[in-house]
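Report on the structure
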Amino acid sequence: MGDVVVETYKVNRRKKGLNLNDIQEINRGLILWLLRRTRVSSRADLSKTSGLKQATITNIINDFISWGIATETGSIEGSKGRRSIGVALNTETHRVMGVRLTRKFFTVGLFDLYGSQESILVEQISPKEAGQVIVGRMIAAIRSVISAASNRLILGIGVAIPGPYVRTERTMTLMTERPGWEGIAIDKEIAFAVGLPVYLEHDAKAGALAEWWLAPERQDHETIAYIAAGQGIGAGIIINGQLIRGALGLAGEIGHVSISFQGHKCACGNRGCLEHYCSTLALSRYAEESIGDYPDSVLAADRSFAAILKAVQEGDELALAITRKAAWFLGFGLVGLVNAYNPHLIVIGDEMSRLGQVFLDGVRQSVEEHVLPSVYRRLRIEISSFDVDPVLVGVSTLAVEQVLYQNNPAKSVEGDANEDDLDM
Ligand SMILES: [Zn+2]
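Rules used in this analysis
- Residues numbered from 1 in each chain as written.
- Predicted model: local features only at pLDDT ≥ 70, side-chain atom pairs only at ≥ 80, totals over all residues.
- Heavy atoms only, no water.
- Donors = N, O, S within 2.8 Å, 3.2 Å for Na, K, Ca; no water.
- Tetrahedral: all angles 85-135°; square planar, octahedral: opposite > 155°, others 65-115°.
- Helix = DSSP H or I, 4+ residues; strand = E, 2+ residues; numbered from the N terminus.
- Buried < 20%, exposed > 50% of the residue type's maximum accessible area, 1.4 Å probe, protein only.
- Expected span 1.5 Å × (residues − 1).
- Contact = heavy atoms within 4.5 Å.
- Pairing = 2+ DSSP bridges.
- Axes fitted to C-alpha atoms, helices over the stretch in contact; angles between N-to-C directions.
- pLDDT = per-residue confidence, 0-100.

A word on the coordination of the zinc ion. Coordination of the zinc ion by the protein involves H256 (ND1), C266 (SG), C268 (SG) and C273 (SG), with metal-donor separations of 2.0 to 2.3 Å. Considering all four donor atoms around the zinc ion, the spread of angles at the metal, 104 to 119 degrees, places the coordination shape in the tetrahedral class. Sequence spacing among the residues donating to the zinc ion works out to H-x9-C-x1-C-x4-C. Of this pair, H256 sits in the loop between β13 (242–243) and α8 (275–278) while C273 sits in the loop between β13 and α8, and the two are 17 residues apart along the sequence. The exposure class of C273 is buried, given its relative accessible area of 2%.

As structure tokens, this is what we get:
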């Protein structure tokens, strides 16, 4: 997959060139990615797959071993049947953490460098709790996970937050139905409290990173859109391995793209925002509105998302009808994304995806109704295949990647690096 990176630089029209440090960081990122994909690989196979010279691979692996993120595993069989020393990521000593904040709960997970989840802590959030109080609880939860992993070295913490998230200001601009987060620097507060580097990312973009980094079958697709369909709707778009962020980091906020110009007024300033029609909140609202038409529905007693999910699995008529309705709207919204970005693959994750096949069928049907047949034939729409939360895994990978960034002299130290010293 080395050509993915090469391709990106072929098509980019950069205003600034790449110095050796930047190229080195890109190459290291590629090797890290290949090690994650193959789990164990010889230097010769890494060279062959990446297209990089053996000497370059040797230097990169030496760096990884000296930083503690890779180890030698002993003799393995290479691609030509020859035995050679295997290289793998260090799962013995090093860990990363992923933290996810949603409107209803937060989670703290501990992961190894391959993204395997070792522990997870979930805490519910009350709608009345102030943002600052929740950040305090997140810090306490992170500390308890760190102390339980006291014999491990934790490289850093990735924190996924719902959007719209203005990356340049590093705060959430709007959390639907949960005011009071504006101005809270979550990353700084956590970093200060626990003494580890913290990296913030928008939740859907973190999900897209997980799909790209860790789901082996995804990597053959050049353009992937991951849809976080939960209490809000967001998209993370990756083109040729690059996450699309836009000017402020808002790119992919499809939850606030209008599907009805006369629709419900949203707190973002727009009308008829997509998430008003196909989030878990919309689903509960549809149940409320239609319960009179389905007196025998099990949803008469409880119209929470958990109750709707269970009712769908039991074949409840109302639950199925509202699931199809929400799916139709999500599909309608995705048509905009298909026409704007032309993805090869759309992966739907988060709570709504748990509604399963009936939901997926509804989304597919709606997209098919509204795009050109030739476009639909070449488009795949799937539900995320992760058995853990892709957003949490994805955001934890940021902490691994930052090791490369921190070891780029051009970025970790102010001023020009001495490129002559660098051995590519
Ligand atoms: Zn909106």
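The next subject is helix α12 (residues 357–370). Taking 1.5 Å as the rise per residue, α12 with 14 residues should run 20 Å; its terminal C-alpha atoms sit 20 Å apart, in good agreement. Those residues of α12 that sit buried are V358, F359, L360, G362, V363, S366 and V367. At its buried positions, α12 is contacted by α10 (305–313), α11 (317–341), β14 (345–349), α13 (373–377) and β15 (380–383).

Below, the discussion takes up the sheet that holds strand β4 (residues 94–101). Across the sheet, which stays open at both edges, the five strands sit in the order β6-β5-β4-β7-β10 with mixed pairing between neighbours. Both edges of this open sheet fall to β6 (117–124) and β10 (198–202), since each of them pairs with a single strand only. Geometrically, the sheet is characterised by an average inter-axis angle of 20 degrees between neighbouring strands, direction not taken into account. Relative to strand β5 (residues 105–111), β4 is paired through six bridges, and the arrangement is antiparallel. In the strand pairing of β5, R100 is matched with T107. In the packing of helix α7 (residues 203–214) onto the sheet, the strands contacted are β4, β7 (153–161) and β10, and the crossing angle to β10 comes to about 100 degrees.

Here we come to the confidence of the model for the chain. For the chain, the mean per-residue pLDDT works out to 86, and 87% of the residues sit at or above 70. Mean pLDDT in the chain bottoms out at helix α1 (residues 2–11), which sits at 42, and peaks at α12, which reaches 98. Low pLDDT, under 50, characterises residues 1–11; the predicted model gives this stretch 20 contacts beyond four residues in sequence or across chains. Confidence drops under a pLDDT of 50 for residues 413–424, and excluding neighbours within four residues, the segment shows 19 contacts in the predicted structure.

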